[in-house]
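Coordinate inspection notes
Read off the chains here:
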Amino acid sequence: MIEVKNLNAGYGKRSALWNIDFSIPLPAFVGIIGPNGGGKSTLLKSILGELTPLTGSIRLFGKPIAEMKNRLAYVPQINSVDWNFPIRVMDVVLMGRFRPNSWGPFYSKSDREKAEFYLNAVGMLAFSKQQIGELSGGQRQRVFLARALAREADVLLLDEPLAGVDAGSGERILSLLSEYQKQGRSIVMVHHDLLTASTLFDHLVLLQTRLVAAGPIKEVFTLTNLQTAYGTDVSILSEMIHKLGQTPANLSDHP
Ligand code: ADP
Ligand code: MG
């Protein structure tokens, strides 16, 4: 279970999230959706414990998240990482295997095998000796995904993992995530494409600085909720409906 209670979060004196309350049973594949600036990344950073809430609490499997960090893995939003740091792709992925309490800075044979396995899974094994700074944005994104997958954590947090990734790699990543989730692990993922959101996730959190709705996708992914979240920017909705050729089955509201 992931439980968010009365969460207010922000930066300095500015609030970005107001009174967020929801709980979702785990394991689950949870999508966080909503318009730009809606607080999606802020919620993810709060769950991760990277951002201290102004009020409220977040619990994972019944415990405060501060005690659960070793059960989380995280893929940051790609533009928030410093790329000038000289480090090879393989070493980035190996960092995913690092455990603070382990003996020394050495990785085992199995750590290396896991790192290779996940680099291969994201289609980046051929780049393992390259510097991370030499890669394109989409390639870096895939390397950071491999690093997070290599942790084999109970809960994987991702912030727009498909941003800047080409369509082919994107599909590969989505099926990789589905596989990961089928192994009984959970994924909490910020996602901006409503079309894929409508089929990918089993639970949704819909944010517009406040919580519009959270719960099973059938209950949350309704025209009314989406209009509340995206407001007058209905182009995003009509485009989706156009692409599907009809009103999506998941949009359960009647006209
Ligand atoms: P989303 O991920 O949904 O696009 P964010 O959570 O990144 O939204 O941002 C929510 C609000 O918080 C926005 O108004 C944004 O400008 C503000 N914000 C985000 N990050 C910072 C930061 N590091 N410092 C100050 N304000 C921030
Ligand atoms: Mg964001």
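Above this text you will find the structure in question.
Residues numbered from 1 in each chain as written. Chains lettered and ligands numbered in written order. Predicted model: local features only at pLDDT ≥ 70, side-chain atom pairs only at ≥ 80, totals over all residues. Heavy atoms only, no water.

**Re the packing of aromatic side chains**
The criterion, for reference: Only Phe, Tyr and Trp rings take part, Trp by its six-membered ring, and two of them pair if their centres are within 6.5 Å. Stacked means planes under 30 degrees apart, edge-to-face means over 60, and tilted covers everything else. In this text, helices come from DSSP runs of H or I with a minimum length of four residues, and strands from runs of E with a minimum of two, each type numbered from the N-terminal end. Working definition: with a 1.4 Å probe on protein chains only, accessible area under 20% of the residue-type maximum means buried, over 50% means exposed, and in between means partly exposed.
Considering all chains together, one arrives at 2 aromatic pairs under this definition. Pairing F29 with F201 gives two aromatic rings, centres 5.2 Å apart and planes at 85 degrees, and the pair type is edge-to-face. Here the residue F29 occupies a position in strand β3 (residues 29–33), and F201 occupies one in the loop between α6 (194–200) and β9 (203–208), the gap between them amounting to 172 residues. Its relative accessible area of 4% is what places F201 among the buried residues. Here F117 and Y118 contribute two aromatic rings whose centre-to-centre distance is 4.9 Å and whose plane-to-plane angle is 90 degrees, an arrangement assigned as edge-to-face.

**Some words on the pattern of salt bridges**
Between side chains of opposite charge, pairing is possible as soon as their charged atoms come close. In plain terms, the rule: Salt bridges, as used here, are contacts in which a Lys or Arg side-chain nitrogen is within 4 Å of a carboxyl oxygen on Asp or Glu.
Summed over the entire model, instances satisfying the criterion amount to 8 salt bridges. Note that R97 and E152 form a salt bridge whose closest N and O atoms lie 3.9 Å from each other. Taken together, the residues R97 in the loop between α2 (89–95) and α3 (109–121) and E152 in the loop between α4 (137–150) and β7 (155–159) connect sequence positions 55 residues apart. Since its relative accessible area comes to 15%, R97 is described here as buried. Taking the relative accessible area as the measure of exposure, E152 reaches 25% and is therefore partly exposed. The salt bridge partner of K114 is E152, with a shortest N-O separation of 3.2 Å. Here K114, found in helix α3, pairs with E152, found in the loop between α4 and β7; they are 38 residues apart in sequence, far enough to count as distant. The structure contains a network of salt bridges with shared partners spanning R97, D111, K114 and E152.

Function cannot be inferred from these measures alone, as they are strictly geometric.
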